[in-house]
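# A look at the structure
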Amino acid sequence: LKSRKHWIAFALKPSGALSVDKGAADALRKKGRSLLPSGIREVRGEFAGGDCVSLIDPDGVEFGRGLVNYAAPDVAKLKGRRTTEISSLLGYKVADEIIHRDNFVLLEELG
């Protein structure tokens, strides 16, 4: 495991959590994808862009951790929406992804 992913998984305490739908959970777990706004169902906690959050699947299981590109209030506005809507909903855009794959760790990979 790269040291960066180890740092995300073990050194950082999650500031919040994002509940995702089955499609997003499968894309992150099996296809190595990033987390897009459309897959988010619920935003929990208070966090800023760059903070670590837990990812929760539809069964309530934490399966990953990642660094978010947007603060909690902005993620709440974006949840369930398309990436093309980010700029119009927020008035700015950092990235298409809420969590980029490079900033995501699948906890199941850690054994």
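So, here's what we can say about the structure. This one's a predicted model, so the numbers in the text were calculated from it and none came from an experiment. One numbering rule holds for all chains: residues counted from 1, following each sequence as written. Given that the model is predicted, a residue must reach a pLDDT of at least 70 before its local features are reported, and side-chain atom pairs must reach 80 or more before they are shown or counted; all residues, however, enter totals for whole chains, interfaces and linings. With hydrogens and water stripped out, all remaining heavy atoms of the structure feed into the side-chain values.

### What about the overall build of the chain?
Test applied: Helix and strand assignments follow DSSP, with helices taken as H or I runs no shorter than four residues and strands as E runs no shorter than two, numbered in order from the N terminus. We compute the radius of gyration from the C-alpha atoms alone; for a globule the expected value is 2.2 Å times N to the 0.38, where N is the number of residues. Burial classification: accessible surface area is computed with a 1.4 Å probe over protein chains only, and a residue below 20% of its type maximum counts as buried, one above 50% as exposed, and the rest as partly exposed. The Shrake-Rupley method, run with a 1.4 Å probe, gives the accessible areas here. Residue values count only the displayed protein chains as cover. Only four residue types enter the tally: Lys and Arg on the positive side, Asp and Glu on the negative side, with His and both chain ends excluded. In this description, the location of a charge corresponds to atom NZ of lysine, CZ of arginine, CG of aspartate or CD of glutamate.
For the chain, the helix and strand inventory stands at four helices and five strands. Going from N to C terminus, the chain has its helices and strands arranged as α-β-α-β-β-β-α-α-β. Here the C-alpha atoms of the chain give a radius of gyration of 13 Å, agreeing with the 13 Å that 2.2 N^0.38 yields for 111 residues. Considered along the principal axes of its C-alpha atoms, the chain spans approximately 40 × 25 × 20 Å. Residues classed as buried in the chain amount to 44% of the 111 residues present. Element-wise, carbon and sulfur atoms account for 48% of the exposed surface of the chain, whose accessible area totals about 5800 Å². Taking the average location of the 18 positive side-chain charges in the chain and that of its 15 negative ones, the two points are 3 Å from each other.

### Digging into the packing of aromatic side chains
Heads up, the condition is: To pair, rings of Phe, Tyr and Trp, with the six-membered ring standing in for Trp, must have centres within 6.5 Å; the planes then decide the type, stacked if under 30 degrees apart, edge-to-face if over 60, and tilted in the middle.
Evaluated as defined, the whole model comprises two aromatic pairs. Between Y70 and Y92 the ring centres are 5.9 Å apart and the planes differ by 45 degrees, which places this aromatic pair in the tilted class. Here the residue Y70 occupies a position in the loop between β4 (62-67) and α3 (72-78), and Y92 occupies one in the loop between α4 (86-90) and β5 (104-106), the gap between them amounting to 22 residues. Take Y70: its relative accessible area is 1%, and that puts it in the buried class. Taking relative accessible area as the criterion, Y92 reaches 34% and is therefore assigned partly exposed.

### Describing the pattern of salt bridges
For the record, the criterion: The salt bridge criterion pairs a side-chain nitrogen of Lys or Arg with a carboxyl oxygen of Asp or Glu, the two atoms within 4 Å.
Taken as a whole and judged by the stated rule, the model has ten salt bridges. Residue K30 pairs with D26 through a salt bridge whose shortest N-O separation is 3.7 Å. Highlighted residues: K30 and D26, both in helix α2 (residues 22-30), separated by four residues, approximately one helical turn. R44 is the partner of E42 in a salt bridge, and the nearest nitrogen-oxygen pair spans 3.4 Å. Residues joined by salt bridges that share partners form a network here, namely K22, D26 and K30.

### Description of the nonpolar core
Note the following rule: Think of a nonpolar core as a cluster: buried Ala, Val, Leu, Ile, Met, Phe, Trp, Tyr and Cys residues, connected wherever their side-chain atoms sit within 4.5 Å.
One finds L18, L35, L55, F63, I98 and I99 to be the most contacted residues of the largest nonpolar core, which totals 22 residues. Of all the secondary structure elements, the ones that give two or more residues to this core are β1 (16-20), α2, β3 (52-56), α3, α4 and β5. Ranked by size, the runner-up nonpolar core spans five residues in total, among them I8, A9, C52 and L67.

By themselves, these are just geometric observations and shouldn't be taken as functional.
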